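Understanding the architecture of this molecule
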Amino acid sequence: MSESLRYIQAVNAALTWALDTRTDTVYFGEDVALPGGPFGATKGLHKRFGSDRIFDTPISETGFLGMALGSAMTGLRPIAEIMYADFSFVAMDQIVNQIATIRYSSGGRWKAPLVIRMQQGYSPGACAQHSHSPEAYFAHTPGLRVALPSTPDDAYQMLRTAVTSDDPVVVAEARMLYPTKGPVRTDAPVEPVGGARVVREGTDATVVAWSRMVPAALAAAGTLAEEGIETEVIDLRWLNPLDFDTVGASVSRTGRLVVAHEANLTGGFGAEIAARAADECFADLRAPVARVATPDVPMPAAPALQKAVVPEAAHVVEAVRRTVRR
Amino acid sequence: MSESLRYIQAVNAALTWALDTRTDTVYFGEDVALPGGPFGATKGLHKRFGSDRIFDTPISETGFLGMALGSAMTGLRPIAEIMYADFSFVAMDQIVNQIATIRYSSGGRWKAPLVIRMQQGYSPGACAQHSHSPEAYFAHTPGLRVALPSTPDDAYQMLRTAVTSDDPVVVAEARMLYPTKGPVRTDAPVEPVGGARVVREGTDATVVAWSRMVPAALAAAGTLAEEGIETEVIDLRWLNPLDFDTVGASVSRTGRLVVAHEANLTGGFGAEIAARAADECFADLRAPVARVATPDVPMPAAPALQKAVVPEAAHVVEAVRRTVRR
Amino acid sequence: MGLPDDYRAMARIRRFEERLAALKDDGEIPGSIHLCNGQEAIPVGAARALRDGDHVTATYRGHGWALARGVDMAGLFAEMMGRDSAVNGGRAASPYLSDPSRWFMGENSIVGAGVPIATGAALTAQRTGSGAVSVVTIGDGAMNQGNVHEAINLAAVLDLPLVVVVENNVYSEMSRIEDMVRIRQLAERAAGYGIPGRVVDGNDADAVADALTEAVTRAREGSGPSIVEAMTERLVGHYSGDVQHYRPAGEIASAREREPLARIRAAADAELTARLDAVDAEVEAEVEAAVTAAREVPYPDPATVKEHVYV
Amino acid sequence: MGLPDDYRAMARIRRFEERLAALKDDGEIPGSIHLCNGQEAIPVGAARALRDGDHVTATYRGHGWALARGVDMAGLFAEMMGRDSAVNGGRAASPYLSDPSRWFMGENSIVGAGVPIATGAALTAQRTGSGAVSVVTIGDGAMNQGNVHEAINLAAVLDLPLVVVVENNVYSEMSRIEDMVRIRQLAERAAGYGIPGRVVDGNDADAVADALTEAVTRAREGSGPSIVEAMTERLVGHYSGDVQHYRPAGEIASAREREPLARIRAAADAELTARLDAVDAEVEAEVEAAVTAAREVPYPDPATVKEHVYV
Ligand SMILES: Cc1ncc(C[n+]2csc(CCOP(=O)(O)OP(=O)(O)O)c2C)c(N)n1
Ligand SMILES: Cc1ncc(C[n+]2csc(CCOP(=O)(O)OP(=O)(O)O)c2C)c(N)n1
Ligand SMILES: [Mg+2]
Ligand SMILES: [Mg+2]
């Protein structure tokens, strides 16, 4: 059975499922309990599950992410919320040096089954400190799973997967997609971690995207189809584990690759996809690998400037055209 | 005139030069003043310049990197030391959201002429929390200059360049190279920011490396020469500004590219070099782009395990062979 | 100083924020805004203790501080409208703006991050012997962020000329401070850094001015940092669009009786009331003129978007 | 408990560290090591206040805590030798080792980072009603790291069963604590979190045991966290290879008169001295046997290097 929900409602549904079906879960962060979260992701949860299961923390991200780790090591299954992905930088040590590392460095003697939930990306008028898309930092950190849902259904499925995973998972949602509505398979079995998805089939070029750039890539594919260019669109979904097989298989058919993300171009995870292609798909590539991303500037707040740097469907269209013409 | 100095002595010489010739510089960090630094980088500086110019801080990286920013905005030219690159994660917010951003977000009304000095990489027996090579995190952050000297001369020249730069610069030294000795042009004029360097010419393949992997790449080139493979070795030196022209020009001659760094493979800056090549050098590439890096594991402490993951000259040799054979 | 100058300074801030909220409702302000309605006595009182060259670092709720320190009102409106303002060219907007010409180090939209930065301005003052003082303002909730802890201790150890103003408005976003600390007053933490901590009525500009003057003088004399906790209340939501469902009934209504402008009004005789009415009219005119001027400012040229990443 | 059990427990740690230093000199220990010589009374006294199921989180200077809590001595030697030990298979080594079977959450080589983690163990104890307590030990210098500040306040607000032990050994690496804070005792900061703070003689296992028992009992009863500052001195360098040029002449010599083992020896009559000599001999034999056993442990198989990154 499937319900039509907004992305943010799907998050709420997944969290309800988690607290309801897994008694070892606890949820904490800033303004998440009584207030129900700044975006309503945790609306109603405190009323239903009480302060034992969901509670508000001081503005202490390092403190409560460390608390998430320690409680995960000792038997709980915490879900900690970082209100904006930008704030993960104040707690980066707990993420990189502690959460990602404890299992390996202990020789597998501890596990850290926890979820760090955050939302990311620019929005009109938001300054550089509220617009980061930091997925590349996390994906460069062995020990972390990294999930970036692009649809309401994935917001629900991937968050449930993250909660059930015995490894630490960063779930970075797309704030700009919160209002989007779509069918959510609320009765689907919990999926295993990982897996890219071909969301549109095509023969002329492969576009790999994630998060907000997936709907943009699909829109672009529609435009390109009118020009007779059939674009295959892959929603990468998980940066870790990385399902490059799906990408490679597609490129072996299309011979052309465009990678699209909102994060800054240089050192963005698009570079990793392009690098793998330049190695593993070398024989198949018939054109240069193109990347669509925000150029290397901190995000300006003025929409007039944001429009000049934020990647949209039009940029994908243009990149695919260039690639196909070669 | 040129002196023969160890890498760490060259750092000390550059800092002496900075404090001596630029009265607006101040140096601070943990155990840097009276103790002279855990590695002796600041030896003798306190005795010579006094507590007004160089002083010890509490163990508060976020506090003193923010202090570096605020003092740079108001007229000083601070050099702040992060003892191990791994500790930059506790201060990542000041680096990414503050230091890198203030100039752009203020519309160019402030500048932040500061240097964050650190040393990075694994060493035998060091645990995961003292072995990071975090350059990719910094290179993905617009607003930061990123320098990784691989020789005593560059340790001297690039640090002086960083100090004179009006932009914030992360100088990440290679701890494992501290004992290496080499000629240092102590009377050379201060170089501008940026610039890769061809440190060995070759016709069959291009190896791009930085930091500890540069001597490894040169050693590999020597071995390969005995097999008749002429390897061009490029010391990238600066990840930002990125001098890809030098890389592209080399690849246009050799048609083959190997990138080598100690940081973990996935999302490492080698991906960016490979991605650029897959785009800008597509027509020139005659073989898949290979990357040599630490596989995606936190660094284990036991040398027996480190040997199994840390990239050395032999890995470069093997990668170049594979590439040339294609 | 004192009345009616303080009244005017506070009314300017209040009117600015009210007008900004209206502009937001009208869709003229793209991003979210955090207003300081009710907290005006703090920047205004503090400004009396400061002189040119003294640096101020604030938070996203810092419009009042910018105005109190002389940042151009039209420029502020234009900046928040996403226009190519002389303040930050539209790159910063409401929560992160700054103005070197007024020694305004800037707001910050990372909680607590301004304190280490302000410590740096204090370091410059100390090392150059400029005699300047660095004042940083944060909220009650920010006291639990590690960056604030590190910076205050750092300033204490180095005897830096820093004054930390904690605007205790009871809430951090939607959470009450009493649920976030186990102490009565945040100023109690000063003892843990070996520096003075003082609590003042943040709705009384004179009380704030006195406390700041003491702290600033101390800092200028080289005796190091101190903390001033100013008790106040938010008359509006945390940010534009905060419906404040979490606030108990009547809380805001009663706060309206304690807020700085209402207080002066309540105590005013007929003659003063007339003068204050006149001030209000002048302020109203000033704010409207600023909005008009701001609307004249063009939007930034997209072609310039890559400028200023580096020098 | 009490003598000679405490003496034995402390002598085991002392001898372990001495032997470790010798092994380091002989090239049998690849990484750097941070010894706790002189601080043994703290883990030993603390252990008396704890029971099975109580978690301990330590720092790189945590060998004494591991031993006091029952982690296998041979396993510790093997781990630090870079062998495939049952502790962490050689992946952690001296500064980051852990042992779930002894509820030893682990050392940490990031200053202060263990406190938030220990807070998490306390959260589990509270939510599951296990009755367990979480003890975390840090150094004096760590009190200036933001993570410690955030975690202590968090534990205070949540009334978590956490005990923070601050081993004040005067130095953080090569810097004196009096240059890093403007307060006399670090325990003074407890007041800023609204929790009890207490200073004890860290060279007296009984004093430590009493203070910890009080703090642990309080935590177990659900009355929340507290801080115990244990005053002690480092008899050796910060790490292997620290020449300690920064320490005033005679400082270590006089510390040797105050250190826990010497104290007991000084107060011992002939009969006790004989017993202690016997204990020393047994400890010496135990440590040698552990070194021998550790040397039997093979080095880790390189083929396993990618195991345990994920479950
Ligand atoms: C590091 C960080 N965490 C969380 C936030 C989200 N946030 C913005 S304002 C705020 C509340 C701050 O409360 P307080 O310090 O009392 O200041 P006030 O808003 O009341 O002026 C929070 C949690 C942030 N901006 N930065
Ligand atoms: C975040 C961080 N900064 C700096 C260091 C380097 N460092 C290791 S130990 C140490 C001194 C710690 O002193 P203290 O807390 O007193 O503990 P002690 O070593 O005296 O036991 C420092 C600065 C680190 N490991 N982590
Ligand atoms: Mg507040
Ligand atoms: Mg110490």
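You'll find the structure just up there.
Attention here is on the structure that accompanies the text. One numbering rule holds for all chains: residues counted from 1, following each sequence as written. Chain labels run from A onward and ligand labels from 1 onward, assigned in the order the entries are written. Only residues with pLDDT of 70 or above have their local features reported here, since the model is predicted, and side-chain atom pairs are shown and tallied only from 80 upward, although totals for entire chains, interfaces and linings are computed over all residues. Side-chain measures here rest on the full set of heavy atoms in the structure, leaving out hydrogens and waters.

1. What about the overall build of chain C?
Only runs of H or I of at least four residues qualify as helices and only runs of E of at least two qualify as strands under DSSP, and these elements are numbered from the N terminus. Across its full length, chain C carries 10 helices and eight strands. In terms of overall dimensions, chain C has a C-alpha envelope of 55 × 50 × 40 Å along the principal axes. The rule is simple: take the accessible area with a 1.4 Å probe, protein chains only, and divide by the maximum for that residue type; under 20% is buried, over 50% is exposed, in between is partly exposed. In chain C, which comprises 311 residues, the share counted as buried stands at 64%. The contacts of chain C with a sequence gap of at least 6 include a subset with a gap of at least 24, amounting to 74%. Counting every atom, chain C has about 10,000 Å² of accessible surface; 51% of that belongs to carbon and sulfur. Only four residue types enter the charge count: Lys and Arg as positive, Asp and Glu as negative, with His and the chain ends excluded. Here the site of a charge means atom NZ of a Lys, CZ of an Arg, CG of an Asp or CD of a Glu. On chain C, the mean spot of the 30 positive side-chain charges and the mean spot of the 46 negative ones are 2 Å from each other. In this description, contact between two residues means that some pair of their heavy atoms is separated by no more than 4.5 Å. Using a 1.4 Å probe, accessible areas were evaluated by the Shrake-Rupley method; residue-level cover was limited to the displayed protein chains.

2. Points about the pairing of strand E4 (residues 77–82) of chain A
All names here are of chain A. For E4, the buried fraction is high: six of the six residues fall into the buried class. With burial as the criterion, each face of E4 is covered, one bearing Arg77, Ile79 and Glu81 and the other bearing Pro78, Ala80 and Ile82. Sheet analysis places strand E2 (residues 25–29) next to E4, joined by five bridges and oriented parallel. If you follow glycine 29 over to E4, its bridge partner there is glutamate 81. Pairing between strands requires that DSSP locate at least two bridges from one strand to the other. Two elements, E4 and strand E5 (residues 115–120), share four bridges in a ladder whose sense is parallel. Opposite alanine 80, over in E5, you have isoleucine 116 as the bridge partner.

3. A few points about the coordination of the magnesium ion (ligand 3)
All names here are of chain C. Within the protein, the atoms that donate to the magnesium ion (ligand 3) are Asp140 (OD), Asn169 (OD1) and Tyr171 (O), at distances of 2.0 to 2.1 Å. For Na, K and Ca the donor cut-off is 3.2 Å; for every other metal, N, O and S atoms count as donors within 2.8 Å. Water does not enter the count, which can leave sites looking incomplete. Here the donor residues of the magnesium ion (ligand 3) are spaced in sequence according to D-x28-N-x1-Y. Placement of the pair is aspartate 140 in the loop between strand E3 (134–139) and helix H6 (146–157) and tyrosine 171 in strand E5 (residues 171–172), with a sequence separation of 31 residues. Comparing aspartate 140 with tyrosine 171 shows no difference in burial state: the two are buried.

4. A look at the relation of the copies chain D and chain C
Residues reaching a pLDDT of at least 70 in both copies supply the C-alpha atoms on which the copies are superposed by least squares. Rotating chain D by 180° and moving it 0.0 Å along the rotation axis overlays it on chain C with an RMSD of 0.0 Å. As the rotation angle and translation indicate, the two copies are arranged about a two-fold axis. Closest approach to the rotation axis among the C-alpha atoms of chain D is made by D:Gly146, whose C-alpha sits 1.8 Å away. When the interface residues of chain D are mapped onto chain C, 100% of them again lie at the interface, so the same face is used by both copies.

5. Here's the deal with the coordination of the magnesium ion (ligand 4)
Residue and element names in this part refer to chain D. Looking at the magnesium ion (ligand 4), one finds its protein donor set to be Asp140 (OD), Asn169 (OD1) and Tyr171 (O), positioned 2.0 to 2.1 Å from the metal centre. The motif formed by the donor residues of the magnesium ion (ligand 4), counted along the single chain, is D-x28-N-x1-Y. Placement of aspartate 140 in the loop between strand E3 (134–139) and helix H6 (146–157) and of asparagine 169 in the loop between strand E4 (162–168) and strand E5 (171–172) is noted, with a sequence separation of 29 residues between them. By relative accessible area, asparagine 169 is classed as buried at 5%.

6. Quick word on the relation of the copies chain B and chain A
Between chain B and chain A, which share one sequence, the superposing operator has a rotation angle of 180° and an axial displacement of 0.0 Å; the RMSD is 0.0 Å. Here 100% of the contact residues of chain B are again contact residues in chain A; the copies associate through an equivalent surface.

7. Some remarks on the interface of chain D and chain C
In this assembly, 20 residues from chain D lie in contact with 20 residues from chain C. Contact between chain D and chain C buries roughly 1,700 Å² in total, counting both sides, with carbon and sulfur atoms accounting for 44%. Contact with chain C buries surface across chain D, with D:His149, D:Val157 and D:Arg182 losing the most and accounting together for 34% of the total. For salt bridges, the criterion is a side-chain nitrogen of Lys or Arg within 4 Å of an Asp or Glu carboxyl oxygen. Summed over the shared surface of chain D and chain C, the result is two salt bridges. Put simply, D:Arg182 and C:Asp159 hold a salt bridge, and the shortest N to O gap is 3.0 Å. Put simply, buried area is how much 1.4 Å-probe accessible surface two parts lose in total, over both of them, once they are put together.

8. Points about the pattern of salt bridges
Within the structure shown, the criterion is met by 90 salt bridges over all chains. In this structure, the salt-bridge partner of A:Glu272 is B:Arg291, at a minimum N-O distance of 2.8 Å. Of this pair, A:Glu272 sits in helix H10 (residues 269–280) while B:Arg291 sits in strand E14 (residues 290–294), each in a different chain. For the residue pair A:Glu272 and B:Arg291, the accessibility class agrees, reading buried in each case. Between D:Glu271 and D:Arg275 there is a salt bridge, and its shortest N-O distance comes to 3.8 Å. Placement of the pair is D:Glu271 and D:Arg275 together in helix H10 (residues 270–296), with a separation of four residues, close to one helical turn.

9. Here's the deal with the site of ligand 2
Neighbouring ligand 2 are 20 residues; B:Glu61, D:Tyr60, D:Arg61, D:Ser109 and D:Tyr171 lie closest to it. One finds residues of chains B and D in close proximity to ligand 2. In this structure, D:Ser109 approaches ligand 2 through a main-chain N or O atom, which is 2.9 Å from a nitrogen atom. Two N or O atoms form a polar contact when they lie within 3.5 Å of each other; inside protein one atom must be a possible hydrogen donor and the other a possible acceptor, and for residues adjacent in sequence the pair counts only when both atoms belong to side chains. With respect to ligand 2, the backbone of D:Val111 contributes an N or O atom lying 3.1 Å from a nitrogen atom. Compared with its free state, where it exposes 580 Å², ligand 2 has 97% of that area covered by protein. Under the scheme applied here, ten amino acids are nonpolar (Ala, Val, Leu, Ile, Met, Phe, Trp, Tyr, Cys and Pro), four are charged (Asp, Glu, Lys and Arg), and all others, including Gly, are polar. Within the shell around ligand 2, the residues separate by chemical class into eight nonpolar, seven polar and five charged. The cutoff for a nearby residue is simple: one of its non-hydrogen atoms must lie within 4 Å of the molecule or strand.

10. Here we look at the sheet that holds strand E2 (residues 104–106) of chain D
All names here are of chain D. Read across the open sheet, the six strands follow the order E2-E1-E3-E4-E8-E7; overall the sheet is parallel. Because the sheet does not close on itself, it has two edges, and the strands there are E2 and strand E7 (197–201). Looking at each pair of strands side by side, their axes are set apart by 20° on average, direction ignored. Against the sheet, helix H7 (residues 205–220) contacts E3, E4, E7 and strand E8 (226–231), and its axis sits at roughly 155° relative to E7. Note on geometry: axes are lines fitted to C-alpha atoms, helical ones only across the stretch in contact, with angles between N-to-C directions running from 0 to 180 degrees.

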